[in-house]
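Breakdown of the fold
Each chain, written out:
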2 protein chains.
Amino acid sequence: MKAYLRIVPILIVSILFTSCIKDEKTEQIVESKAEKSNKVGSITLVIHGGAGTILKKNMTPEKEQAYRKKLDEALQTGYAILEEGGTSMSAVVAAIQVMEESPLFNSGIGAVYTHEGRNELDASVMDGNTGKAGAVAGVTTIKSPIRAALEVMNNSPHVMMAGPGAETFAEEQGLEMVDNSYFGTERRKKALEKALEKEADKTSDLLQYQDWKYGTVGAVALDKDGNLAAGTSTGGMTNKRYGRIGDSPIIGAGTFAENISCGVSATGHGEYFIRNAVAYDIAARMKYLNISVEESAKEVIQKKLVDKGGSGGVICLDRSGNIAMEFNTLGMYRGYMQNGEAHVFIYKNE
Amino acid sequence: MKAYLRIVPILIVSILFTSCIKDEKTEQIVESKAEKSNKVGSITLVIHGGAGTILKKNMTPEKEQAYRKKLDEALQTGYAILEEGGTSMSAVVAAIQVMEESPLFNSGIGAVYTHEGRNELDASVMDGNTGKAGAVAGVTTIKSPIRAALEVMNNSPHVMMAGPGAETFAEEQGLEMVDNSYFGTERRKKALEKALEKEADKTSDLLQYQDWKYGTVGAVALDKDGNLAAGTSTGGMTNKRYGRIGDSPIIGAGTFAENISCGVSATGHGEYFIRNAVAYDIAARMKYLNISVEESAKEVIQKKLVDKGGSGGVICLDRSGNIAMEFNTLGMYRGYMQNGEAHVFIYKNE
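Let me begin by describing the structure that accompanies this report. Per chain, residues are indexed from 1 in the order of the written sequence. Each chain takes a letter, starting from A, and each ligand takes a number, starting from 1, following the order in which they are written. Under the rules for a predicted model, residues below a pLDDT of 70 receive no local features and side-chain atom pairs below 80 are neither given nor counted, while totals for whole chains, interfaces and linings still include all residues. Each side-chain value is derived from all of the structure's non-hydrogen atoms; neither hydrogens nor water enter the calculation.

**With respect to the side chain of A:Thr114**
Defined as follows: The numbering of helices and of strands both runs from the N terminus, where a helix is a DSSP run of H or I of at least 4 residues and a strand a run of E of at least 2. Any two residues having at least one pair of non-hydrogen atoms within 4.5 Å are treated as being in contact.
Note that A:Thr114 resides in the loop between α4 (88-100) and β2 (121-127). Sequence-distant contacts of A:Thr114, defined by excluding residues within four places in its chain, comprise A:Glu120, A:Leu192, A:Asn239 and A:Lys240.

Put into structure tokens, the structure is as follows:
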């Protein structure tokens, strides 16, 4: 009993002491905590091809097959780079380029049309190891916007470039330039026509056409050196106007990567993702609340965003290889590859 | 002694229980915690006119006087609105407009020149009560960029508009449009010439001319209803090119406001502020680490940013009227007004 009595004060003091350390809450403590729990996992690639009202009843078997095949191709392409010892950034860019070149997604070829009937593209990348980032917004003649974002990161002192200035830069870097019509597809042209009709018809339900606003693509990867990278590429919203910039080229909103927390790429109603700094908020909660990437993504997408009325989703990956693919819409084109196995999903309950 | 023994287990259990609650760390707990400590303070306005290598030895008494007078005018103008029961957003916009119209600051008249020799302006606002935000980037003919950001927030479904599209929108909203030469000043033209010379002379120390990159203006206000608002307006960096967008129009980087945490406006080397989501990071640390606005601003500006090599500063204000004016440069034009008294500062140790 006496021994017990001697232990009690020690116990209390040690509990209080632990809670004091917690209360100090300095950057150092928080970050070292995150780093300690971040044992480097095996090479991993996570991708998305946009979130929205994606329902099996609206799909043909052929269309579904085409999406699954293209998502698998993007995964295999990026993962092969990781397997060969390439960087997470190379894998992210390569996976995104597969989707940019496919008319199935709202990025590169197949991008949605602006109100004025052209394609204006946004993209961004972030390197979780160096904290460097690059982005382009409102570009119309750069064949691969994600590649242009990479050039901004690697070969300029800036993070973000927009419009004709960004195009001049991309051309100077030797990137392939195309006519704006290169990105055009009949399907997206029809979507614009439908949106313009709905807009003219004030009695129709504007919410109904929200669905074809989405379709951004993105990727997050972890390489053999334990470095994270993230990237996002998009055509934005059908019928967007006035040089609207969404969340995709905004570091902290649509894209974020940091080795000590996670990599994030977002898709959805961009304005909500900007106002809520969604990508960085997921990283911040991991660091400061010491929660897992799955918990953090869930809190932000299923609680915070739902409460505010924002729809969409994210893919996230931490340094240990933990994956979150969280969305509050009816579906999200998505997949991951780890330990040599690719997994592709479309609907909610898969 | 026996009574003591009975208390001990209760004590331990209660300490463990408290720490369990802490570990739950859900949005609800964090936010309600922040809200509880957020007793609404008296109306307050905080402003900045840019951070940089501002030294008394480089100032004339007349120049110093001019800055102090203009900062005081901006404070008095915004504060009068708060005193009359106006909103924090109205006060923020009015205070910033005083600085936009002064050639002393790098926003509106007196904006720095791009590489091509023109003025491209960025601005943003955020409402801490509704979470709504608006921003314009790369605009050249809108007389008051901060007013245009407000219009984007109030009268469009978008958060961010860039270039000619943003100008079309502003014109449609009935905002005053001007020729680009309206913003030009001899002083800034000379700064560009100097920067171009330094650039041509590869042997010169590029760091030396970093100083005149800065000079952004911003304001954060708290109104009688306990609502926070923040705004930032800038000409960006001297000699910027390729449609560069800095942190000022990026919600979460240069501007952020949220009643449950704080309002923030930043100034400095924008690329670092974007990569580190500076404005939102200060808010996130307050919410998730439960620290004060002063501590949070200090951690981010003096530790995190300094470690990464980013120079600049922020003004922050929480709902209780607590103010932080934190910068890691040699000076920052800044001031606040509370309880009817205006205070203006320029140098580090004032």
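**With respect to the packing of helix α3 (residues 61-83) of chain A against α4(A)**
All names here are of chain A. Going by this rule: The angle between two axes is taken between their N-to-C directions and runs from 0 to 180 degrees, where each axis is a line fitted to C-alpha atoms and a helix contributes only its stretch in contact. Under this scheme an angle from 65 to 115 degrees is roughly perpendicular, one under 35 degrees roughly parallel, and one over 145 degrees roughly antiparallel; angles in between are oblique. Handedness of each helix crossing follows the sense of rotation of the near helix against the far helix: counterclockwise by less than a right angle gives left-handed, clockwise gives right-handed.
One can describe the packing of α3 onto α4 by two numbers: an axis separation of 8 Å at closest approach and a directional angle of 155°. Judged by the inter-axis angle, α3 sits roughly antiparallel to α4. Here α3 and α4 pass one another in a crossing that is right-handed. Contact residues: Lys 70, Leu 71, Glu 73, Ala 74, Thr 77, Gly 78, Ile 81 and Leu 82 in α3; Ser 88, Ser 90, Ala 91, Ala 94, Ala 95, Val 98 and Met 99 in α4.

**Quick look at helix α10 (residues 293-308) of chain A**
Residues and elements named next belong to chain A. Condition: Helix span, as expected, comes to 1.5 Å for every residue beyond the first. Bending is quantified residue by residue as the angle between axes fitted to the seven-residue window ending at that residue and the seven-residue window starting at it. A simple rule labels every residue: compare its accessible area, found with a 1.4 Å probe on the protein chains alone, to the largest value its type can have, and call it buried under 20%, exposed over 50%, or partly exposed in between.
Between its first and last C-alpha atoms α10 spans 21 Å; for 16 residues at 1.5 Å apiece the expected length is 22 Å, and the two agree. At Val 300, α10 shows its strongest bend, of approximately 25°. When α10 is considered as a whole, its buried residues turn out to be Val 293, Ser 296, Ala 297, Glu 299, Val 300, Ile 301, Lys 304 and Leu 305.

**Some details on the sheet that holds strand β10 (residues 312-317) of chain A**
All names here are of chain A. Applied cut-off: Two strands pair under a simple rule: DSSP has to find at least two bridges between them.
Strands sit in the order β8-β9-β10-β11 across an open sheet of four strands; the sheet is antiparallel. Because the sheet does not close on itself, it has two edges, and the strands there are β8 (255-257) and β11 (323-327). Adjacent strand axes in the sheet meet at a mean angle of 10° when their direction is disregarded. Examined bridge by bridge, β8 and strand β9 (residues 263-268) share three bridges and lie antiparallel to one another. Bridge pairing links Phe 256 to Val 264 in β9. On top of the sheet, helix α9 (residues 278-289) reaches β8, β9 and β10; it is set at about 30° to β8, its chief contact. Packing against the sheet, α10 makes contact with β10 and β11, and its axis sits at approximately 10° to β11.

**Quick notes on the sheet that holds strand β6 (residues 228-234) of chain A**
Ordered in space as β13(A)-β12(A)-β1(A)-β5(A)-β6(A)-β2(A)-β3(A)-β4(A)-β7(B), the nine strands form an open sheet in which the pairing is mixed. Strands at the two margins of the open sheet, each flanked by one partner only, are β13 (341-347) of chain A together with β7 (244-245) of chain B. Sheet topology note: the strand β1 (residues 44-52) of chain A/strand β5 (residues 217-222) of chain A ladder contains five bridges and is antiparallel. Within β5(A), the residue paired with A:His48 across the bridge is A:Gly218. Across the sheet, α4(A) is in contact with β1, β2, β5 and β6 of chain A; its angle to β5(A) comes to roughly 155°. Set on the sheet, helix α5 (residues 145-155) of chain A makes contact with β2, β3 (133-139), β4 (160-162) and β6 of chain A; between it and β2(A) the angle comes to about 45°.

**Looking at the nonpolar core**
Basically, it comes down to this: Only buried residues count toward a nonpolar core, which is a set of Ala, Val, Leu, Ile, Met, Phe, Trp, Tyr and Cys residues joined through side-chain atoms within 4.5 Å.
Grouped together as the largest cluster of nonpolar side chains are 99 residues, with contacts concentrated most on A:Met160, A:Ile282, A:Val314, B:Met160, B:Ile282 and B:Val314. If near-sequence neighbours (up to four positions away) are discounted, B:Ile282 is found in contact with B:Cys262, B:Val264, B:Ser296, B:Ala297, B:Val300, B:Val314 and B:Cys316.

**A short note on the pairing of β1(A)**
Residue and element names in this part refer to chain A. The element β1 is extensively covered by neighbouring structure, given that nine of its nine residues are classed as buried. Relative to strand β12 (residues 331-338), β1 runs antiparallel, the two sharing seven bridges. Looking at β12, one finds that Thr 44 is bridged to Gln 338.

**Topic: the packing of aromatic side chains**
Definition in use: Put simply, two rings from Phe, Tyr or Trp (the six-membered ring, in Trp's case) pair if the centres are within 6.5 Å, and we call them stacked under 30 degrees between planes, edge-to-face over 60, tilted for the rest.
Tallied over the full model, the rule gives 15 aromatic pairs over all chains. Taken together, a centroid distance of 6.4 Å and an interplanar angle of 25° make the contact between A:Tyr336 and A:Phe345 stacked. Between B:Tyr67 and B:Phe105, the aromatic rings sit 5.5 Å apart at their centres with planes inclined by 75°, giving edge-to-face as the arrangement. Placement of the pair is B:Tyr67 in helix α3 (residues 61-83) and B:Phe105 in the loop between α4 (88-100) and β2 (121-127), with a sequence separation of 38 residues. Judged by relative accessible area, B:Tyr67 falls into the buried class, the value being 1%.

**Section: the environment of A:Ser265**
All names here are of chain A. In plain terms, the rule: Polar contact criterion, stated in full: a pair of N or O atoms within 3.5 Å, where within protein one must be able to donate a hydrogen and the other to accept it, and residues adjacent in sequence count only if both atoms are side-chain atoms.
Residue position: Ser 265 is located in strand β9. The spatial distance from the C-alpha of Ser 265 to the C-alpha of Gly 184 is 24 Å, given a sequence separation of 81 residues. Those residues in contact with Ser 265, other than ones at most four positions away along the chain, are His 48, Val 217, Gly 218, Ala 219, Val 220, Gly 231, Thr 232, Gly 254, Gly 313, Val 314 and Ile 315. Separated by 2.9 Å, the side chains of Ser 265 and His 48 make a polar contact. A polar atom in the side chain of Ser 265 sits 2.8 Å from the side chain of Thr 232.

**What to know about unusual backbone geometry**
Residues and elements named next belong to chain A. Backbone geometry at Tyr 242 places phi at a positive 60°, although glycine is not the residue there. Mapped onto the fold, Tyr 242 is located in the loop between β6 and β7 (244-245). A positive phi is found at Asn 290, a non-glycine position, where the angle reads about 55°. Relative to the assigned elements, Asn 290 resides in the loop between α9 and α10.

**Here's the deal with the pattern of salt bridges**
To be explicit about the condition: Note on definitions: salt bridges are taken to be side-chain nitrogens of Lys or Arg within 4 Å of carboxyl oxygens of Asp or Glu.
Scanning all chains against the criterion turns up 30 salt bridges over all chains. For the salt bridge of A:Arg241 with A:Glu199, the shortest nitrogen-to-oxygen distance reads 2.3 Å. On the criterion of sequence distance, the pair formed by A:Arg241 in the loop between β6 and β7 and A:Glu199 in helix α7 (residues 186-200) is long-range, its members being 42 residues apart. Relative accessible area serves as the criterion here: at 25%, A:Glu199 is assigned to the partly exposed category. Between B:Glu176 and B:Lys143 there is a salt bridge, with the nearest N and O atoms lying 3.5 Å from each other. Separated by 33 residues along the polypeptide, B:Glu176 in the loop between α6 (163-172) and α7 (186-200) and B:Lys143 in the loop between β3 (133-139) and α5 (145-155) bring together distant segments of the chain. What makes B:Lys143 partly exposed here is its relative accessible area of 25%. In the salt-bridge network here, residues are joined through shared partners; they are A:Asp281, A:Arg285, A:Glu299, A:Lys303 and A:Lys304.

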